[in-house]
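# Breakdown of the fold
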Amino acid sequence: MALALGLLVTLFWGLAGGPAGAHELGPFQVYGTFLRDGSFRLDVKIDEEHLAPGQLGGPARPTRYGRIAGLSGPTEQRFGRFLSDLADSLTLTFDGVTVTPTLAMDPQGGGDAGGAPARATLFVEGWIPGGARRFTFASSLRVKSYPLVLRCEGDESSSWRWMAGGETSAPFQLTASVVPPPRIAVARRCFALGFDRVLPHGPAPLLLVAAVFLLVRRVRAGLLLLAALTLGEALGLTLALRGGVPVRPSLVEPLLALAVAALALAGLTPSPPRSRPSRHGTWLGLALSAAVFAVGALCGLGLVPDTPAAAPPPLRPAAATGFIAGVATAELVVMAAAFVLVGLPFRDQPWYRSRLLAPASCLIALVALYWSLSGLLG
């Protein structure tokens with residue numbers, strides 16, 4: 001549709017009294033589309049008949065946006081130098097902020113098969129910044145004119161105008177359907193999702209925090225283990241979002257349940273006397289932190305929400321950060337409540353281990369083992 005509109009514009013220009021001829025289309029033409037998935041693509045079309053002999057030839061060179069992917073062979077020999085100059089001349093901005101696109105050749109845009117290519121299409125692609133509303137385009141090439149046609153996916157209307165070399169286009173208004181939300185809005189939404197995955201809809205994190213709580217009596221030690229747990233969950237979530245899960249997804253939940261059971265049983269081991277700080281106690285604390293970190297990584301693998309994975313790549317760090325912050329905050333709330341309601345009033349009582357810690361640890365271990373067996377057999 002955009003190409004047809006450009007051709008109609010050219011025809012109208014000729015009928016209106018402008019100089020006729022193929023060169024009126026300009027040395028290149030730009031057709032841009034902003035998509036609902038948060039991306040954009042500019043099809044920059046060049047044709048041999050619109051270029052001067054001095055503009056033809058190769059080879060291509062690296063541009064300020066990197067090399068042009070897929071530019072090789074006859075297309076590079078014919079258009080390489082001009083395409084490199086053209087790519088270097090482009091400036092794309094959203095709300096006044098310049099973005100860095102990727103460059104690639106259209107493999108189907110090379111003209112007749114078997115001969116020297118008569119035309120080529122350069123894809124200029126990237127992501128719309130979150131919350132952006134206006135787009136501008138400019139090329140610093142010294143050309144008389146070229147057409148710029150822009151549209152948003154789902155919007156039947158297009159914006160077109162003739163541009164002169166070195167001119168910056170008037171701001172093009174993006175429709176709300178193609179604009180990703182701002183980073184802070186994504187982070188807030190994912191924070192709420194992360195909190196909800198623990199409170200109230202997270203039996204796995206709740207059991208894990210309860211097992212960690214039973215391992216220590218002091219607030220400082222509990223916070224250190226909670227920090228190790230959060231870092232592990234962040235690692236697991238990152239691996240899952242990048243597709244680097246080291247175990248099969250069907251095994252993540254049973255393995256996590258077994259790990260929770262192991263942590264709960266570790267709470268039954270006798271604590272070293274407080275009056276005897278030693279290197280053994282330091283190594284024991286480090287080993288415990290490492291174990292909690294590893295279990296947290298397993299938990300993170302199973303916490304992957306839909307929103308961070310579905311967000312455009314530039315927004316995924318904000319989405320993942322907000323999500324893991326929500327998980328960590330909910331776990332901190334659970335840990336704080338456990339210390340206030342159970343730890344601080346009863347931790348120094350002589351019956352604390354026999355009447356509270358041991359039964360609770362055994363109950364958590366039994367629930368986790370049942371959960372693991374259900375996952376393996378189910």
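## With respect to the overall build of the protein chain
When you go through the protein chain residue by residue, the secondary structure sums to ten helices and ten strands. Counting the 378 residues in the protein chain, one finds 42% classified as buried. In the protein chain, once contacts between residues fewer than 6 apart in sequence are set aside, the share between residues at least 24 apart is 74%. Put simply, the protein chain shows about 19,200 Å² of open surface, and 63% of that area lies on carbon and sulfur atoms.

## Quick look at the nonpolar core
Judged by nonpolar contacts, the single largest core of 51 residues is most densely connected at L208, L256 and L263. Of all the secondary-structure elements, those providing two or more residues to this core are α3 (183–198), α4 (203–215), α5 (219–241), α6 (249–266), α7 (279–301), α9 (316–346) and α10 (352–377). Of all the elements, α9 adds the most residues to this core, at ten residues. Membership of the second largest hydrophobic core comes to 42 residues, among which are L56, L71, F94 and L174.

## Remarks on a nonpolar patch on the surface
A grouping of V219, L223, L332, V340, L341 and L344 is seen on the molecular surface, where their side chains present a nonpolar patch of about 540 Å² in accessible area. Broken down by secondary-structure element, the contributors of at least two residues to the nonpolar patch are α5 and α9. With four residues, α9 is the largest single contributor of residues to the nonpolar patch. Relative to the helices and strands, L341 is located in helix α9. For L341, a relative accessible area of 62% translates into the label exposed.

## Some words on the pairing of strand β9 (residues 159–163)
Examined bridge by bridge, strand β8 (residues 146–152) and β9 share five bridges and lie antiparallel to one another. Each residue of the ladder has a partner; that of P147, found in β9, is W162. What sits between β8 and β9 in their antiparallel hairpin is a turn of six residues, with G154 showing a positive phi close to 90°.

## Quick look at the sheet that holds strand β3 (residues 90–94)
Sheet architecture is open: four strands sit in the order β4-β3-β7-β10, paired in antiparallel fashion. Edge positions in the open sheet fall to β4 (97–98) and β10 (172–173), since each of these has one partner strand only. One ladder, built from two bridges, connects β3 with β4; its direction is antiparallel. Bridge assignment links F94 to a residue of β4, and that residue is V97. The sheet strands contacting helix α2 (residues 73–89) are β3 and β7 (134–139), and the helix crosses β3 at an angle near 30°.

## Topic: the packing of α4 against α5
Where α4 meets α5, the axes come as close as 10 Å, and the angle between the chain directions of the two elements is 150°. For the element pair α4 / α5, the angle class is roughly antiparallel. Viewed along their axes, α4 and α5 form a crossing whose handedness is right-handed. Within the contact between the two elements, α4 uses L208, V209, V212 and L215 and α5 uses L225, L229 and E233. Across the contact of α4 with α5, the residue classes tally to six nonpolar, no polar and one charged.

## A word on the side chain of D47
You can see D47 is positioned in strand β2 (residues 39–47). Under the relative-accessibility criterion, D47 is labelled buried at 15%. Once you skip the residues sitting within four places of it in the chain, D47 turns out to touch P27, A118 and R119.

## Points about the sheet that holds β8
Taken in spatial order, the six strands of this open sheet run β5-β6-β2-β1-β8-β9, and their pairing is mixed. Only two strands of the sheet have a single partner each, and these edge strands are β5 (102–105) and β9. Direction aside, neighbouring strands of the sheet carry axes that sit 20° apart on average. Running at roughly 125° to β2, α2 makes contact with β1 (28–34), β2, β5 and β6 (119–127) of the sheet.

## Observations regarding the packing of aromatic side chains
Counted under the stated rule, the structure contains eleven aromatic pairs. With a centroid separation of 6.2 Å and 75° between ring planes, the pair formed by F137 and Y146 is classed as edge-to-face. Exposure remark for F137: the relative accessible area of 1% places this residue in the buried category. Every member of this aromatic cluster is reached through a ring pair, and the members are F34, F40, F94, F135 and F172. Just above the ring of F123 sits the side chain of R41; from NZ or CZ to the centre is 4.1 Å.

## Some thoughts on α9
Spanning 31 residues, α9 covers 43 Å between terminal C-alpha atoms, matching the ideal 45 Å at 1.5 Å per step. The sharpest bend along α9 measures roughly 45° and falls at F339.

## Here's the deal with the confidence of the model for the protein chain
Predicted coordinates in regions of low pLDDT should not be interpreted in detail. Across the protein chain, the average pLDDT comes to 84, with 85% of residues at or above 70. Within the protein chain, helix α1 (residues 2–15) has the poorest average pLDDT of any element, 43, and β3 the best, 97. pLDDT under 50 marks residues 1–23. Its contacts with residues more than four places away, or in other chains, come to 21 contacts.

## What about the environment of G194?
Of note, G194 is situated in helix α3. Note: C-alpha distance between G194 and A330 (136 residues apart in sequence) is 8.0 Å. The contact partners of G194, leaving out residues within four places of it in the chain, are F323, G326 and V327.

What counts and how
Residues numbered from 1 in each chain as written. Predicted model: local features only at pLDDT ≥ 70, side-chain atom pairs only at ≥ 80, totals over all residues. Heavy atoms only, no water. Helix = DSSP H or I, 4+ residues; strand = E, 2+ residues; numbered from the N terminus. Buried < 20%, exposed > 50% of the residue type's maximum accessible area, 1.4 Å probe, protein only. Contact = heavy atoms within 4.5 Å. Areas by Shrake-Rupley, 256 points an atom, 1.4 Å probe, with all protein chains shown as cover. Core = buried A, V, L, I, M, F, W, Y, C linked by side-chain atoms within 4.5 Å. Patch = residues over 30% accessible without salt bridge, like charges linked within 9 Å, V, L, I, M, F, W, Y side chains within 5 Å. Salt bridge = Lys/Arg side-chain N within 4 Å of Asp/Glu carboxyl O. Pairing = 2+ DSSP bridges. Axes fitted to C-alpha atoms, helices over the stretch in contact; angles between N-to-C directions. Parallel < 35°, antiparallel > 145°, perpendicular 65-115°, else oblique. Left-handed = near helix turned anticlockwise from the far one by under 90°. Nonpolar A, V, L, I, M, F, W, Y, C, P; charged D, E, K, R; others polar. Phe/Tyr/Trp six-rings, centres within 6.5 Å; stacked < 30°, edge-to-face > 60°. Lys NZ or Arg CZ within 6 Å of the ring centre and 35° of its normal. Expected span 1.5 Å × (residues − 1). Bend = angle between axes of the 7 residues up to and from the residue. pLDDT = per-residue confidence, 0-100.

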